[in-house]
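What follows is each chain in one-letter form.
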Amino acid sequence: MNNDHVSTDETPSGNGPYRHDESDGGHRFSSRFAFVLVAIGAAVGLGNVWKFPYLAGENGGALFVLLYLVFLVAIALPILIAEVLIGRRGHVSPPHALMRQAAEFTGRTGRGWYVIGIAGLFFGLVIMSFYSVVSGWTFDYMWTGVTQGFGAFDPDHSRGHLAALQASVPRLLAMQGLFILLTVTIVALGVRRGIEAAMRWMMPVMGVLMIGLVAYALITGASGRALSYLFSPDWSKLTVPVAAAALGQAFFTLSVGLGGMMTYGAYLPDRASIVRACTTVALTDTMVALLAGLAIFPIVFAEGLDPAGGPGLIFVTLPVAFAGMPGGDLFGVTFFAFLFLAAITSAIALYEPVIAWLEERGIRRLHGTLIAAGSSWLLGIVTVLSFNFWKDIHPLAWAGERFAAATPFMAITLGLDNLVLPVGALLIAWFAGRLLPEPAVVEQLSADPRRVARLFRLAVRWWAPIGIGALLVFNLTGITAG
Ligand code: TRP
């Protein structure tokens, strides 16, 4: 029915980000490849290198890692497929894609889904608020490497360095602003092609850097302890909060739950396999996260650092490794530079749906970009202050011991992982599994064997919602009871 809707003419705004003329007939391969590249760019970022290790550390290691892997494959991957599928049917920004298809199949207006889509965009800006601050740290560390080198970074110095950065509001705001500025420059120029081109060489280099770092950590660090910490689960540690954290991180790392990946679904030519493309993205993303864990924990244990040290974990740990290794300054600078770039490609994916939506509403691309950037910068002030003036404010203290020490910044990330992303994923599963009729889904998955479509339907109709719903209920009742 819509086999030819990849053509530019049918997209609602001829000058928007959906003008993806490269995805018509003749260039199918390069375009599926383009999707995989930008989707990996969106998925791989601070979530893998910064958030995954500190969450694994805070949640006791291997059991968290195992649950994360299971949830990633069984729940987050089907949700990713669902988002891309909805996006490819729609070819518009998430709110419009949801609204139009809801109207098409329910006979109602789809306004409710429109509002849900907008909520997704808003929470994308909320992610961006802290994402930009932490990305700023990576820039600051790169700069430290360039100007001073990492030679002086023993564990004490390293902790002190991070504390000094976190105490300085002007420095945090400047670095965050720099990150946002660089990101919006790229977005405003609309240089998607530039990003794709950059991704082509960035990914291999990033891979080589990560493998080098892992090799160094395993050879010189406490590798035995790190390996058993990461891969030998202690089932007695199984609790609802650990499982909920693992599920939230599985969503976060694949960039799903807010509808953002719908924006990239339009990239995929109609006959390309969504399942295969999404699986490639998930595999790459997981590899990066596991490599980050393997690079960090041998150093953590060798240097007597605290695995449960929280969001500063990689910033305290990695410079200590750079201090010890030959050529560590160059290596460290390159590493932080690449982490910064990986964060930019994710940030672009957080802004793009907002800007696309504003564009469809008649707001110029430049203005939309400024609105998105400005609001995320303002929201980011909450994160900036959480590390200094507001560090003793605990907005979730009412929710029991587990969240008693959470600063406003941590409340935001916990709220996203434990509530917003799971609820968003439930809604997306509902949309793909129950609102879209089976033929529409089967048509989108026609590049794959029939049983893949059947498995996908089972996932979004049954086991994903049941798994997410059960965890949500247990987790939230646990909070209110605590
Ligand atoms: N997945 C990204 C990372 O791991 C961050 C992210 C979360 C994201 N949700 C998103 C990116 C939505 C783009 C869209 O760093």
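Up top is the structure these notes are about.
Note that the structure is a prediction, hence the values are computed from the model and not measured. (Residues numbered from 1 in each chain as written. Predicted model: local features only at pLDDT ≥ 70, side-chain atom pairs only at ≥ 80, totals over all residues. Heavy atoms only, no water.)

Student: Would you take a moment to explain the layout of surface pockets for this structure?
Tutor: The method is simple in principle: a probe with the dimensions of a water molecule rolls over the atoms, and the space it marks as empty is what remains. Its boundaries defined by the atoms lining it, the largest pocket holds a volume of some 570 Å³. In this structure, the largest pocket is lined by 25 residues; those nearest its centre are Glu 58, Pro 311, Ala 406, Met 410 and Leu 414. For the lining of the largest pocket, the secondary-structure elements that each account for two or more residues are helix H2 (46–58), helix H6 (155–167), helix H10 (240–253) and helix H16 (408–435). For the lining of the largest pocket, the element with the highest residue contribution is H16, accounting for six residues. The residue inventory of the lining of the largest pocket, partitioned by class, reads 14 nonpolar, seven polar and four charged. (1 Å grid on protein atoms, 1.4 Å probe; cavity = no way out; pocket = protein on both sides within 12 Å on 5 of 7 lines; lining within 4 Å. Points joined across faces, edges and corners; volume = space filled by probe spheres on them. Helix = DSSP H or I, 4+ residues; strand = E, 2+ residues; numbered from the N terminus. Nonpolar A, V, L, I, M, F, W, Y, C, P; charged D, E, K, R; others polar.)

Student: Honestly, the site of the ligand in this entry has me stumped. Any pointers?
Tutor: Of all residues adjacent to the ligand, which total 14 residues, the nearest are Ala 43, Gly 47, Tyr 131, Phe 252 and Ser 255. For the ligand, an oxygen atom lies 3.0 Å from a polar atom in the backbone of Ala 43. A distance of 2.4 Å is found between an oxygen atom of the ligand and a side-chain nitrogen or oxygen belonging to Tyr 131. Here the ligand loses 99% of its free accessible area of 360 Å² to cover by the protein chains. Here the ligand is seated within the largest cavity. Breaking the shell around the ligand down by element, the ones donating at least two residues are helix H1 (28–43), H2, helix H5 (111–147), H10 and helix H14 (328–360). Here the shell around the ligand is built from residues that sort into eight nonpolar, six polar and no charged. (Near = heavy atom within 4 Å. Polar contact = N/O pair within 3.5 Å; in protein donor to acceptor, adjacent residues only side chain to side chain. Areas by Shrake-Rupley, 256 points an atom, 1.4 Å probe, with all protein chains shown as cover. Sits in = over half its atoms within 2 Å of the grid points.)

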